[in-house]
Amino acid sequence: MLHFDTGVATIPIYYSFYRLPNHILYMQPYIFTEIEQKWQNKWKQQKSVTADRSLTTNHLPKYYILNMFPYPSGSGLHVGHYMGYVASDILSRYYKHSGYHVMNPMGFDAFGLPAEQHAIQTGQHPAVTTAKNIEKYIVQLKQIALDFDWDKSVNTSEPEYYKWTQWIFLEMFNSWYNTATQKAAPIHALIQEFIDHGNTKVQAACDDHTPIFSAKEWNAFSETEKQVQLLHYRLAYLKDSMVNWCEALGTVLANEEVKDGFSERGGYPVTRKKMKQWSLRMTAYAERLLIDLDRLDWPLSTKEMQRNWLGKSQGAEITFRVQGQKGETITVFTTRPETIFGVCFIALAPEHPWVRAMANQTGDTALIAYIEQSKNRSDRSRLAETTFLSGLFVGTCVIHPFTGAPLPIWVADYVLPRYGRGAIMGVPAHDKRDYIFAQSFDLLTFPVIESTFLMEDGPYEAAEGKMINSDFLNGLSVPEAAEKVMQKLIQNKIGQYKVNYRLQDPIFSRQRYWGEPFPIYYKEDGLPYGLSQDQLPLLLPPVSSYRPNPSGAPPLANAFHWSTPEGYPLDLHTMPGWAGSSWYFLRYMDPHNGETLLSKEKEAYWKGVDFYIGGAEHATGHLLYARFWTKLLYDLGHIHINEPFPKLLHQGIIQKFTAIVYRLKDENVLVSAGLIAQYDVVPIYIPTAFVKKDVLDLEALKSWRSEFADARFLLEEGKYICGKKMEKMSKSKYNVVDPDGVIAQYGADALRLYLMFLGPLEQSKPWDLCGIEGVFRFLNKVWRFVHHAKALWTPNHLPSNQEMVKIIHQTTKNVTESIKKCSFNTAISSLMIGLNRLSTFEKVTQSVVEDFILLLEPFAPYIAAELWESIGKTGSITEVSFPIWNETYLAEKSFEYRIAVNGKLRTKMVFDYNASPMAIKEAVLVHEVIQKWTAGKVIKNVVVVANKMVNVVLE
RNA sequence: GCGGAUGUGGCGGAAUUGGUAGACGCGCUAGACUUAGGAUCUAGUACUGAAAAGUGUGGGGGUUCGAGUCCCUCCAUCCGCACCA
């Protein structure tokens, strides 16, 4: 046994000297640590493993492959992160070998809350921690030979990058959405329109209660009034928004960051508060975002998620007159206008303007209390009730537009203010929530569609059947009735068709420090104005504290003299995490351009991302925002790409068993997994290292954390059995696998191979280190194979062995086709099969060995580079063309048919590749095995499928 | 509840898209070379059965000469949206 001190760990290398021929005896073993170190150093001198080709190589076809860039967190990468990166690296290397000009960049989504939290705790500037983390990431990425071109990297937190994020924001601020042309346009075109016609004719996406003004009125407006009106149209606009305010974090949280009234991060209480926030008029794009999904080569599930998120629903708005209040009306949105005769009440969101007006007017304390109470309930909890819905009768009625009957107006918080008009018509007979509400308050329920349902059974929600109890709709089918009632509503000017989207304009400002400052200042009128382009980037200022200002203002209020040179105060908000990531794929094409965000020439060459790889968890966030920004920049003529990611693949997540102990709810007693049914327990994740074959090492746990030191244990047969669950690798669940340890033990090539060999890229799969032995053995085998072949070959003088040629061509074909399908697990399997078969030959020709190393290179670049050099090649292997197979070598002369009788396989027979079906049939029928099965039976049919199989069918 | 996906040996997974189910790898069993084996090589390894043979791709049904693959239905698991009027 020899020991090689690798510097990382002492690894025993086993191999035997006996029995081997001399040349093998002196063959150096596969010491991956040395090899990988050697090539890493070599490649360090180069920008990229294959030097970047300049745009002068325009004749080359391009391939732009992209990974979602990571947030550089302090905990570094775990093996799961590598999944997508390795896949893209394989593709990138393959396309380079195939003559493409490949771009496979990597960068950092570097603004984010963790660095800011760290800054708050330690006082260290987030830029410092971020830079440190990025450095660590780059080392980790380089060690597994990921061929990223670091010259093209981007970092969203650097001024040269966020200058353009701010620039894009200004473009949004200075634009409006023309719904007639379905395009965004510069704001000056809108101003001209106002000068000519006021806003009476313009079709634009704007705020709900934008006042109407004539050209004359516009021209008479003061500058301030004009700006106020324009703000109703800008694509980036200020809006009073109900936001999730977290006092402890001093910030506003997105809906997805709030869980049951508490912040997801930190678990602090969250209240709802009205604040002026920047919003983006994304809803203007809802229809285009929906329609264009059809053109995308994306996983179906992700497209479906985006469709749900956009949430298009078609229906009608119907206006009801309020009884006893002349001229006052309430407009509701419904998807089922045909059920108009089944309306038993009207329900309004507590936030509805009419409700507020009523409360002010009457001073009704119960109503005011109800409005207050609803304010702090999240949408989720407001909708979560299944048995009782709360509400309050306002004491007023509306008039049914057809029957003239009075319908009570209720305030109910199951009606959400931001969906539709914040008002619904309650049809308890045909809507589940309306039904529950009616049950809760004993309201009338009145069916208008014929069904076998009894009222006691619940609502009949299906949109099919014959209309009843519905005056002029009686006897019609549901669709017919819907059409007829709409005609009538439109005719009577009390209703119109309406399309609604669930999507809302996202809030775009954060009360945080570590993000892009808004290039916005405020004049005396209190209105926002954009900085000019030459004032960008607006640098993130140093602050005395990263916490919110004691006044409650965001951290930027802690900056010294945060104002324009003229002395106007600058906006105190910063942009959210997704700002920088919504357009970064554009910047990679031209990362250092100081003049524009992306030059026309570079865009014309690269034309956008060909293949995007990233996690499915970004299905509705990042992937939707990036599509929105792309369309916006496209509208304004800055880019010619309409969709950012035409082709998308989600890599699966790596899972590992977690270890769980169960503690009694109010005692420090841990209960073994088999006994938990009898107790009230809380599961707690513990490090998996403490568990061997489900049995817990009690001492390890006790010394891990003080809280366990004096814990008592309820054991099963003297052992504590842990619970386990296959879960996504995550630091908080203590089941992460650190890549450095794996690399030290098996090498980066083995880790790459293993990650890819595990299974289909897009599938989630469990990590099990045992399996890595297989690919590690394979690499050792390759090593021996090449050295063995090299020692024995006499170049160019070996007679070409047809069988061997066929094997390498077959392998080439299988590997190439698998790579193109991103089926890397079968590609590696083909390499293994190829090697196993080639190893049976005494001598192997040099060209076969060369081809094999080339086929391996995208998967295991270190060993490939080393072997390439060891067979006497001086140039870089990455510059060499990928092998191409020749079908004529693969042609078979004969085929082994499987012969079945009544579908059951009975024997196999070899026939010439071109044998006629007639001849095959005759030969099969006289074959002794077949005769045995057909003896005494009547043969009904003999199915002969050329070069597939034969089936003899008996009566 | 809705939408999407998945279900194949002890395990990870293959299967030319309707044509030999279980490639490749792990694990396991036996053997070889060995002081040794956690190196390497050889053979075997879905299940039942002594064998002949039979049974097998979550369950049930169907189409077909032929179904892991297509259709219907049910079940389980995972992911997403969650009572969006």
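The structure we're discussing is the one just above.
Residues numbered from 1 in each chain as written. Chains lettered and ligands numbered in written order. Predicted model: local features only at pLDDT ≥ 70, side-chain atom pairs only at ≥ 80, totals over all residues. Heavy atoms only, no water.

### Thoughts on the pairing of strand β16 (residues 406-411)
Link 1 in the chain: Sheet topology places strand β14 (residues 345-348) next to β16; three bridges connect them, and they run parallel. What sits directly across from A347, in β16, is W410.
Link 2 in the chain: Two elements, strand β15 (residues 392-399) and β16, share five bridges in a ladder whose sense is antiparallel. Within the sheet, the bridge partner assigned to C397 lies in β16 and is P408.
Link 3 in the chain: Count of turn residues in the β15/β16 antiparallel hairpin: six residues, of which G404 carries a positive phi of about 75°. (Pairing = 2+ DSSP bridges. Helix = DSSP H or I, 4+ residues; strand = E, 2+ residues; numbered from the N terminus.)

### Comments concerning the packing of aromatic side chains
Link 1 in the chain: Under the definition given, this model contains 67 aromatic pairs.
Link 2 in the chain: For the ring pair Y612 and F645, a centre distance of 3.8 Å and an interplane angle of 15° mean the geometry is stacked. Taken as a pair, Y612 in strand β21 (residues 611-613) and F645 in the loop between α20 (622-635) and β22 (648-649) lie far apart in primary sequence, 33 residues in all.
Link 3 in the chain: The rings of F169, F173, W278, F508, F518, W578, Y625 and W629 are connected pair by pair, giving a single aromatic cluster. (Phe/Tyr/Trp six-rings, centres within 6.5 Å; stacked < 30°, edge-to-face > 60°.)

### Description of the pattern of salt bridges
Link 1 in the chain: Taken as a whole, this structure holds 29 salt bridges when the rule is applied.
Link 2 in the chain: As a salt-bridge pair, K38 and E869 come within 2.6 Å of each other at their nearest N and O atoms. Placement of K38 in helix α2 (residues 32-44) and of E869 in helix α29 (residues 861-870) is noted, with a sequence separation of 831 residues between them.
Link 3 in the chain: Take K38: its relative accessible area is 30%, and that puts it in the partly exposed class.
Link 4 in the chain: One salt-bridge network, in which partners are shared between bridges, spans D292, R295, R627, K631 and E643. (Salt bridge = Lys/Arg side-chain N within 4 Å of Asp/Glu carboxyl O. Buried < 20%, exposed > 50% of the residue type's maximum accessible area, 1.4 Å probe, protein only.)

### Notes on unusual backbone geometry
Link 1 in the chain: Of note, the amide linkage connecting L536 to P537 takes the cis form, showing an omega dihedral of 0°.
Link 2 in the chain: Of note, P537 is situated in the loop between β20 (528-530) and α17 (578-581).
Link 3 in the chain: The phi dihedral of D442 is positive, around 60°, even though this residue is not glycine.
Link 4 in the chain: Mapped onto the elements, D442 comes out in the loop between α15 (432-440) and α16 (478-491).
Link 5 in the chain: The class of D442 is exposed, set by a relative accessible area of 72%.
Link 6 in the chain: Positioned with a positive phi, N469 is a non-glycine residue whose angle comes to about 50°.
Link 7 in the chain: Inspection of the secondary structure puts N469 in the loop between α15 and α16.
Link 8 in the chain: The class for N469 is partly exposed, based on a relative accessible area of 39%.

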